[in-house]
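Single-letter residue listing:
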Protein chains: 2
Amino acid sequence: MKEEKSFVKEITPQAEDFSRWYIDVIRKAELMDYTPVRGCIVFKPDGYELWERIQAGLDRRFKETGHRNAYFPMLIPESFFQKEKEHVEGFNPELPWVTEAGGEKLEERLALRPTSETIIGHMYAQWIQSYRDLPVLINQWANVFRWEKRTLPFLRTSEFLWQEGHTAHATEEEAREETMRILELYRDFVETEMAIPLYTGQKTPSEKFAGAVDTYSIEAMMKDGKALQAGTSHYLGQNFAKGFEIKFLDRDNQLKYVHTTSWGVSTRLIGALIMVHGDDRGLALPPRLAPIQVIMIPVGPPKFRDKVMARFDPLFDALKAAGVRVKSDLREETPGWKFNEWEMRGVPIRLELGPRDVDSNQCVLARRDTGEKITVSLDEAVERVQALLEEIQRNMYEKAKAFRDANSHLDVDTLEKLKAHIARCEETGELTGFILAGWCGSAACEAKVKEQTKFTSRNIPFDPPERKHTCIHCGGEAKHTVWFARAY
Amino acid sequence: MKEEKSFVKEITPQAEDFSRWYIDVIRKAELMDYTPVRGCIVFKPDGYELWERIQAGLDRRFKETGHRNAYFPMLIPESFFQKEKEHVEGFNPELPWVTEAGGEKLEERLALRPTSETIIGHMYAQWIQSYRDLPVLINQWANVFRWEKRTLPFLRTSEFLWQEGHTAHATEEEAREETMRILELYRDFVETEMAIPLYTGQKTPSEKFAGAVDTYSIEAMMKDGKALQAGTSHYLGQNFAKGFEIKFLDRDNQLKYVHTTSWGVSTRLIGALIMVHGDDRGLALPPRLAPIQVIMIPVGPPKFRDKVMARFDPLFDALKAAGVRVKSDLREETPGWKFNEWEMRGVPIRLELGPRDVDSNQCVLARRDTGEKITVSLDEAVERVQALLEEIQRNMYEKAKAFRDANSHLDVDTLEKLKAHIARCEETGELTGFILAGWCGSAACEAKVKEQTKFTSRNIPFDPPERKHTCIHCGGEAKHTVWFARAY
Ligand SMILES: [Zn+2]
Ligand SMILES: [Zn+2]
C-alpha cells in the first residue's frame, strides 16, 4: 500500500481543507489550469469533455422542447445596458469594456456580454411583428464575462461558458409556463444525468436576476455543506419588452408588449459535479455523464500478457459494441499505479483481467462509488457491466441525497438557533448545511440573517418538507418557507 | 405562375448583381441579420443550424484522428503578441482591445483573440516537459475577432465562429504529417459533405499565415467566379515554440523546441455553401449537410385533406424512422407559396401528396437541384427518397465541379493574356474565374499581378492539371505552377 499512500498524499483530505481538496483534485485530474489572464482558466480536455457531455444532454432536451440555437454578437453597446434599470445596476460593476479597435478609439464603449438580454431584446424587437411570430424559442451557447473580485475555477471565473435561453411569448401565462418547463428540464437533467439531488424553488427578490420579475433556481449541496446555485430560469415579464420596444399585433388587433423569459446553466455545473461526488481519492463521475465509463486494465505477470490479451481484446470490443464508453490502459506502469490513477479521475468501473481470471473464465469489476470488487463470468461480463453502471448511477444519486438530507436541518428556524447551530458545527467540525426557516418577506430580515451568519436565502421550495409559520429573524408571520445556506 | 414571379422578384438575379443576390438570399432565407455592433451579425437559427452540422461533421473527424477539444481564454495580454514578430505585425491592426474592467483601467491591454497561437503557446510551454507529453493534439471551438474595414456576412465579420486546432510534436516530420492530415480531413469534409470541389495546395509566402513556415489551403470557386479560401492548415515550425519557450527533453536527453501546427475553418464555410450551390430561386443545400432533407407538402382541395393525411402521416413516420431529416408543412398557405418557400430555403427534396396520388398509390418527388419531378410508388417511397438524396448529393458536387472546371483557365498564363481575358469578360459578362500560371517565386511578380488585375495567388496546387514553365509576370523560369483568382 506504499504507492497508494504517497498518491493520496497529493490530494488534501476534504475534512482537512475542502477548498484545497477541490483545487488539488481539479489540477491533478487535469480538468483545468490557471492562466496569466486575471480570473480566466483553461478548460483542459478532461474538463472540457465534461462540459461537452453536459452540452449534449441539455441541447437534446432543448431541441425536443422546440428550441433552436442561434448566435448573437458578444459585444454590447454601452447604451443598451441603460434600457433596463435594474439590469444595468446589476451588471455594470462587473463589465470589461472594449474601448479601442482597429487602431482607433471607439465612439461608444462595447461591453463583453455578461448575459445577452439586451442585444437579443434589440433583435427581437425587429423580428417580432405579429402574434404569428410568437413564441420565439432561442438558445445560445456562448462565452460570457463577469469581472468578479474573487474567482474560483469553474464556479466564478472572469470568463465562463454557458447556455442562455431567451424566449418571447404572447401572454404572461405562456411565458410563465416556459419558465417552469425549463426549470423542470434543468432539474431532470441534473438529477438524472449528473446524479445531483436538487431543491427547486423561487428566489427571493434580493437574490433574483437583475431585471427579472421572478427567478427560479435549482440548488445543490456540496460536500462541505455549502449551497451551489446550479441553474436559473427567469420570468422577465415585460421589463425587457418595454426597454427594447418588443411589441406585436395580437389577434385582437391590439399592439402589445411580449412577455419574455431567460434561463441558463454554465460551466459551474462542472464544479458542482466535482464537489457533490468527489472524495479523498479524487473525482467520482456518475456513469451517464462520465466520458469513460469503464477502464480496462490487464493484470498479472508480463509473461502471461498474451494469454490475457487474447480474452481482453474481444471483451473490449464487445463492451464498445454494446455502447459502453470503454478505454483500456496498456501503459507500462504497475497495475497499482493505474488503479489509483483512474480512481482519481473518477471512472465508475475498473475492469481487471489477469491470467487466473482467464483460467476461471471471469473478470473483476471494481466500483468507484463503493470500492467493492465483484467477480463476474466473462460470458456475462457485458450485461453485468451495463447493469452495474445503472446501479452506480442510482447509488451515487441516493448517496448524495442521503448526505444532503442528513445536512438539511428542519429544526434550525430562528436566528438564535442558527447561531447556536453554527457555533456547535465550528466546535464539532460538522457541516452547517441547509436550514429550513420561515420568512416574513422583508428584505431587511433576510439581510440581517446574512450579516450575522453568512447564510443567504437559497430558494423558496415548491414543496418544502414542512411549512414554517414564523420569520427566522423578526418572529413575525412567515409568508414563505425558505432554504438558507452559505453558498458559493 | 403569378405568385412565383413576384416571389422571385424579391431575390436579385445572380447575373444582375451577385453581391445583392447573396445578401437577398441570406436575409430572405433568414440565415443572418445585421446588428448595431459594427461588422457583427446574428447567426439566426437557420444559419446557425448549418454551422452546427458543419461542426458535427468536423468534430467527429477531429476525434477520430485523436484530437480533443479544450477551451482557452478569449482575452490575450498585449505582451503575448510581441513574442512572434510576424504574428504581431499580421494581426495588430485588426485587434479590439479591452482597456477597462470591473470599474478600473487595466495595467496591460487585453486583445480579443484573433487566433490563439500565443495564449496556447504559453500554456503548452508549461504542459510539455518530455517527449512522453507529445504529441499534444488539441482543438478549440470559439468566437474570434478581426476588426476589418470592409465586412460581408459570413465571409468577413468583426466577430466570427471557428475551430482552431493547435498541435505540438517532437519532430518536424510529425508536425508536417499533421498539417497534411488536417488539410486532407478538411478536403474530405468539404467535398464529401458540402459538395464543394476544391483546389488543395500551398500558399505563397505573401499569402501565408502570420507566423507560419508553410500554409496550405483549400480553395473553392464561387458562382461569380471568385475564389474563397475555405480552410487553412499551417506548419508553424519552431516559431511559436521559440517565442513561448515550448521545450521538451527528448529520448536522447537533449532539450529541444517542439514543432507546432495550427489549422482552422470558420463560419465563412456557410458563405461558401451559399455561393457555390445557390441560384436565382435561393439556397440549394446538399443533402448530407441540409438540416431538412425532405419537405412534405399535402396538395389538392381541402375537402380531401383527411384522405390525404391518412397516407401522409405514415409516410412521414416511415421517412423519419429511416433516418431521413423530414419536415411537413401543414400551414394554411397555398401549395405554390410553400413550394417557393422551401425551394428558396434550399431543401433538397419536396414530396407532394394529393388525393389523386393516394388513389394511384404514389407520390411526387421534386428535386431542388434540377427541378425535375418524379412520380414514385408509395410502397417504395422511402427507398426512392434515400437513393435520390444520394443522387442529389453526387449531382450537386458534379455540377459545381463542372462549373469550376469550365471557369478554370489553363491558357491564360501571362499578364498580357490575363488583361485581355479580363477585358473580354467585362465585355461579354463571362466570369474571370481561376487561371493557372507559372511563377518565378518573386514576391514582386506576384504583387504586380495583383496590382494590375486584382488577381491574387490562391495556392500552388499539389497536382496541377498541367505544369507551367514561365513566370506569369517576368517570363523567367517558373518555380511553381499557381492558381490565381480574384478572391473574397
Ligand atoms: Zn421578518
Ligand atoms: Zn517572375
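Think of each chain on its own: its residues are numbered from 1, step by step along the sequence as written. By the order in which they are written, chains take letters starting at A while ligands take numbers starting at 1. Only residues with pLDDT of at least 70 are given local features in this predicted model, and only at 80 or more are side-chain atom pairs given and counted; all residues enter the totals for whole chains, interfaces and linings. To obtain the side-chain values, all non-hydrogen atoms of the structure were used and water was disregarded.

The name given to chain A in an unreviewed UniProt entry is Proline--tRNA ligase, with the source organism recorded as Symbiobacterium terraclitae. The UniProt entry for chain A carries this comment under Function (unreviewed entry): "Catalyzes the attachment of proline to tRNA(Pro) in a two-step reaction: proline is first activated by ATP to form Pro-AMP and then transferred to the acceptor end of tRNA(Pro)." UniProt positions are given in the numbering used here, feature names are shortened, and annotations may be inferred rather than shown by experiment.

1. Some details on the overall build of chain A
Each helix is a run of H or I in the DSSP string that is no shorter than four residues. Each strand is a run of E no shorter than two, and both are numbered from the N terminus. Summing up its helical and strand segments, chain A has 15 helices and 23 strands in all. Across its three principal axes, chain A shows a C-alpha extent of roughly 80 × 55 × 50 Å. Throughout, a contact is declared for two residues whenever any of their heavy atoms are within 4.5 Å. The long-range fraction of contacts in chain A, counting pairs at least 24 apart against all pairs at least 6 apart in sequence, stands at 70%. Per-residue and other accessible areas were derived by the Shrake-Rupley procedure at a 1.4 Å probe size, with only the shown protein chains allowed to occlude residues. As displayed, chain A offers around 19,700 Å² of accessible surface, 48% of which is attributable to carbon and sulfur atoms. If the 68 positive side-chain charges of chain A are averaged to one point and the 76 negative ones to another, these points end up 2 Å apart. Charge counting treats Lys and Arg as positive and Asp and Glu as negative, with His and both chain ends excluded. Charge placement uses NZ in Lys and CZ in Arg. For Asp and Glu, CG and CD serve respectively.

2. So, the sheet that holds strand E23 (residues 480-485) of chain A
Within a sheet, neighbouring strands are paired by backbone hydrogen bonds and run either parallel or antiparallel to one another. All names here are of chain A. Ordered by their spatial adjacency, eleven strands build an open sheet running E3-E7-E8-E14-E11-E10-E9-E22-E23-E21-E20, and the pairing between neighbours is mixed. Both edges of this open sheet fall to strand E3 (68-69) and strand E20 (408-409), since each of them pairs with a single strand only. Note that strand E7 (residues 136-145) and strand E8 (residues 159-169) share ten bridges and pair antiparallel. Each bridged residue has a counterpart across the sheet, and for Val144 the counterpart in E8 is Phe160. Note on method: axes are straight lines fitted to C-alpha atoms, helices fitted across the in-contact stretch only, with angles between N-to-C directions ranging 0 to 180 degrees. Strand contacts of helix H9 (residues 268-277): strand E10 (214-221), strand E11 (227-237) and strand E14 (259-266), with the helix running at about 145° to E11, the strand carrying the most contacts. If DSSP finds at least two bridges between two strands, the strands pair.

3. Overview of the relation of the copies chain B and chain A
A least-squares fit on C-alpha atoms brings the copies together, and the residues used are those whose pLDDT is at least 70 in both copies. For the match of chain B to chain A, the screw axis carries a shift of 0.0 Å, the RMSD comes to 0.0 Å, and the turn is 180°. What the superposition gives is, in effect, a two-fold axis relating one chain to the other. In terms of proximity to the rotation axis, the leading residue of chain B is Val98 of chain B, whose C-alpha is 2.1 Å off the axis. Here 100% of the contact residues of chain B are again contact residues in chain A; the copies associate through an equivalent surface.

4. Quick look at the state of the cysteines
Cysteine sulfur atoms are paired as a disulfide whenever they come within 2.5 Å of each other. Counting across every chain of the model gives zero disulfides over all chains. Residue Cys40 of chain A stays outside any disulfide, its sulfur separated by 20 Å from that of Cys40 of chain B, the closest cysteine. Given a relative accessible area of 3%, Cys40 of chain A falls into the buried group. Partly exposed describes any residue whose relative accessible area lies between the buried limit of under 20% and the exposed limit of over 50%, with all areas from a 1.4 Å probe on protein chains only and scaled to the type maximum.

5. Examining the coordination of the zinc ion (ligand 2)
Residue and element names in this part refer to chain B. Only N, O and S atoms count as donors, using a 2.8 Å limit from the metal and a wider 3.2 Å limit for Na, K and Ca, and since water is excluded some coordination spheres may look unfilled. For the zinc ion (ligand 2), the protein coordination sphere consists of Cys440 (SG), Cys445 (SG), Cys471 (SG) and Cys474 (SG), at 2.2 to 2.4 Å. Here the zinc ion (ligand 2) is ringed by four donor atoms whose angles at the metal span 104 to 112°, and the overall shape comes out tetrahedral. In terms of primary sequence, the donors binding the zinc ion (ligand 2) are separated according to C-x4-C-x25-C-x2-C. Of this pair, Cys445 sits in helix H15 (residues 443-453) while Cys474 sits in the loop between strand E22 (456-461) and strand E23 (480-485), placing them 29 residues apart in sequence. Relative accessible area serves as the criterion here: at 6%, Cys445 is assigned to the buried category. By the criteria applied here, four donors are tetrahedral when all angles lie between 85 and 135 degrees, four are square planar and six octahedral when opposite donors are over 155 degrees apart and every other angle lies between 65 and 115, and any other arrangement is irregular.

6. Section: the pattern of salt bridges
Here, a salt bridge means any Lys or Arg side-chain nitrogen found within 4 Å of an Asp or Glu carboxyl oxygen. Enumeration according to the criterion identifies 96 salt bridges over all chains in this entry. The partner of Arg176 of chain A in a salt bridge is Glu172 of chain A, and the shortest N-O contact between them spans 2.7 Å. Within this pair, Arg176 of chain A and its partner Glu172 of chain A are both found in helix H7 (residues 172-192), separated by four residues, close to a single helical turn. Asp405 of chain B serves as the salt-bridge partner of Lys401 of chain B, at 3.2 Å between the closest nitrogen and oxygen. Taken together, the positions of Lys401 of chain B and Asp405 of chain B, both in helix H13 (residues 381-406) and four residues apart, correspond to about one turn of that helix.

7. Notes on the interface of chain B and chain A
Chain B puts 51 residues into the contact, and the matching count from chain A is 51 residues. Buried surface area refers to the total accessible area, computed with a probe of radius 1.4 Å, that the two partners give up upon joining, counted for both partners together. Carbon and sulfur atoms make up 62% of the surface buried where chain B meets chain A, a total of about 4,200 Å² over both sides. When the buried area of chain B at its contact with chain A is split by residue, Pro45, Arg68 and Tyr71 of chain B rank highest and sum to 15% of it. Applying the counting rule to chain B against chain A returns eight salt bridges. Residues adjacent in sequence count toward polar contacts only when both atoms are side-chain atoms; beyond that, a polar contact is any pair of N or O atoms within 3.5 Å, and within protein one must be able to donate a hydrogen and the other to accept it. Between the two partners, chain B and chain A, sit 28 residue pairs in polar contact (both at pLDDT 80 or more). In terms of residue count, the dominant contributor to the side of chain B that touches chain A is helix H3 (residues 45-64) of chain B (seven residues). Residues of the side of chain B that touches chain A, tallied by class, amount to 32 nonpolar, seven polar and twelve charged. Under the grouping applied here, Gly and all other residues not named as nonpolar or charged are polar, the nonpolar ones being Ala, Val, Leu, Ile, Met, Phe, Trp, Tyr, Cys and Pro and the charged ones Asp, Glu, Lys and Arg.

8. Section: helix H11 (residues 335-344) of chain A
Residues and elements named next belong to chain A. Summarising burial for H11: seven of the ten residues are buried, a large majority. For H11, the complete set of buried residues consists of Lys338, Phe339, Asn340, Glu341, Trp342, Glu343 and Met344. Backbone geometry just after H11 places Gly346 at a positive phi near 85°.

9. A look at the packing of helix H3 (residues 45-64) of chain A against H9 of chain A
Residue and element names in this part refer to chain A. Look at H3 against H9: their axes get within 10 Å of each other, and the N-to-C directions meet at 105°. For the element pair H3 / H9, the angle class is roughly perpendicular. On H9, the residues that touch Gly47, Leu50, Trp51 and Ile54 of H3 are Leu269, Ile270 and Leu273. Taken together, the residues that form the contact of H3 with H9 break down as six nonpolar, one polar and no charged. Roughly parallel here means an angle under 35 degrees, roughly antiparallel means over 145, roughly perpendicular means 65 to 115, and every remaining angle is called oblique.

10. Focus on the packing of helix H14 (residues 415-428) of chain B against H15 of chain B
Residues and elements named next belong to chain B. Between H14 and H15, the shortest axis-to-axis distance is 11 Å and the interhelical angle comes to 20°. It follows that H14 is roughly parallel to H15 by the angle criterion. Helix-helix and strand crossings are classified by hand; for H14 and H15 the assignment is right-handed. Across from Leu415, Leu418, Lys419 and Ile422 in H14, the residues of H15 making contact are Val449, Gln452 and Thr453. Partitioned by chemical class, the residues of the contact of H14 with H15 number four nonpolar, two polar and one charged. Throughout, a crossing is termed right-handed when the near helix is turned clockwise from the far one, and left-handed when it is turned anticlockwise from it by less than a right angle.

11. Section: the packing of aromatic side chains
Residues and elements named next belong to chain B. Any pair of Phe, Tyr and Trp rings, taking the six-membered ring for Trp, is counted once the centres come within 6.5 Å. Such a pair is stacked with planes under 30 degrees apart, edge-to-face with planes over 60 apart, and tilted for the rest. Using the criterion set out here, one finds 34 aromatic pairs over all chains in the structure. Ring plane angle 50° and centroid distance 5.7 Å describe the contact between Phe43 and Phe154, whose orientation is recorded as tilted. Pair noted here: Phe43 is in strand E2 (residues 41-43) and Phe154 is in the loop between strand E7 (136-145) and strand E8 (159-169), with a separation of 111 residues, a long-range link. According to the relative accessible area criterion, Phe154 is buried, its value standing at 2%. With a centroid separation of 5.2 Å and an interplanar angle of 50°, the aromatic rings of Phe62 and Trp263 are classed as tilted.

12. Quick word on the sheet that holds strand E10 (residues 214-221) of chain B
Residues and elements named next belong to chain B. The eleven strands lie next to each other as E3-E7-E8-E14-E11-E10-E9-E22-E23-E21-E20, forming an open sheet whose pairing is mixed. Either end of the sheet is taken by a strand with one partner, and the two such strands are strand E3 (68-69) and strand E20 (408-409). Those strands touched by helix H9 (residues 268-277) are E10, strand E11 (227-237) and strand E14 (259-266), and its axis lies near 145° from that of E11. Packing against the sheet, H15 makes contact with strand E21 (434-439), E22 and E23, and its axis sits at approximately 150° to E21.

13. Observations regarding the pairing of strand E15 (residues 294-298) of chain B
All names here are of chain B. Most of E15 sits out of view: five of its five residues are buried. Residues Val294, Met296 and Pro298 point to one face of E15 and Ile295 and Ile297 to the other, with burial holding for every one of them. Assessed by its sense of winding, the connection that carries the chain from E15 through helix H10 (residues 305-321) to strand E16 (residues 326-328) is right-handed. Alignment of E15 against strand E17 (residues 349-353), held across five bridges, turns out to be parallel. For Pro298, the partnering residue across the bridge sits in E17 and is Leu353. The handedness rule is simple: strands pointing away from the viewer, and a clockwise path from the first strand over the helix to the second, make the crossover right-handed.

14. Some details on the environment of Ile422 of chain A
All names here are of chain A. Among the secondary structure elements, Ile422 is positioned in helix H14 (residues 415-428). The buried category is assigned to Ile422, whose relative accessible area is 7%. In this structure, the C-alpha to C-alpha distance between Ile422 and Gly433, residues eleven residues apart in sequence, is 9.6 Å. Here Ile422 is in contact with Thr432, Thr453, Phe455 and Arg486, once residues within four sequence places are set aside.

15. With respect to the UniProt feature "domain: Aminoacyl-transfer RNA synthetases class-II family profile" (unreviewed entry) in chain A
The feature "domain: Aminoacyl-transfer RNA synthetases class-II family profile" (unreviewed entry), as given by UniProt, occupies residues 38-286 of chain A in the numbering adopted here. Each end of residues 38-286 of chain A is marked by a C-alpha atom, and these two atoms are 32 Å apart; helix forms 32% of the span and strand 33%.

16. Focus: the side chain of Asp329 of chain B
Inspection of the secondary structure puts Asp329 of chain B in the loop between E16 and helix H11 (335-344). Apart from residues no more than four positions distant in its own chain, Asp329 of chain B is found in contact with Ile295, Met296, Ile297, Pro298, Lys338 and Trp342 of chain B.

17. Digging into H13 of chain B
Given a helix with a known number of residues, its expected span is that number minus one, times 1.5 Å. Across its 26 residues, H13 of chain B extends 36 Å between first and last C-alpha, which sits within 8% of the 38 Å expected from 1.5 Å per residue. The set of residues buried in H13 of chain B consists of Ala381, Val382, Val385, Leu388, Leu389, Ile392, Gln393, Asn395, Met396, Tyr397, Ala400 and Arg404 of chain B.

18. Section: unusual backbone geometry
Pro135 of chain A follows Leu134 of chain A through a cis peptide bond whose omega is -5°. Residue placement: Pro135 of chain A occurs in the loop between helix H6 (117-127) and E7. The backbone of Glu30 of chain B shows a phi angle near 55°, a positive value even though the residue is not glycine. Within the secondary structure layout, Glu30 of chain B lies in the loop between helix H2 (18-28) and strand E1 (32-34). Of note, Asn253 of chain B is a non-glycine position whose phi angle comes to about 70°, a positive value. Note on placement: Asn253 of chain B falls in the loop between strand E12 (247-249) and strand E13 (255-257). Asn253 of chain B gets classed as exposed once you look at its relative accessible area, which sits at 59%.

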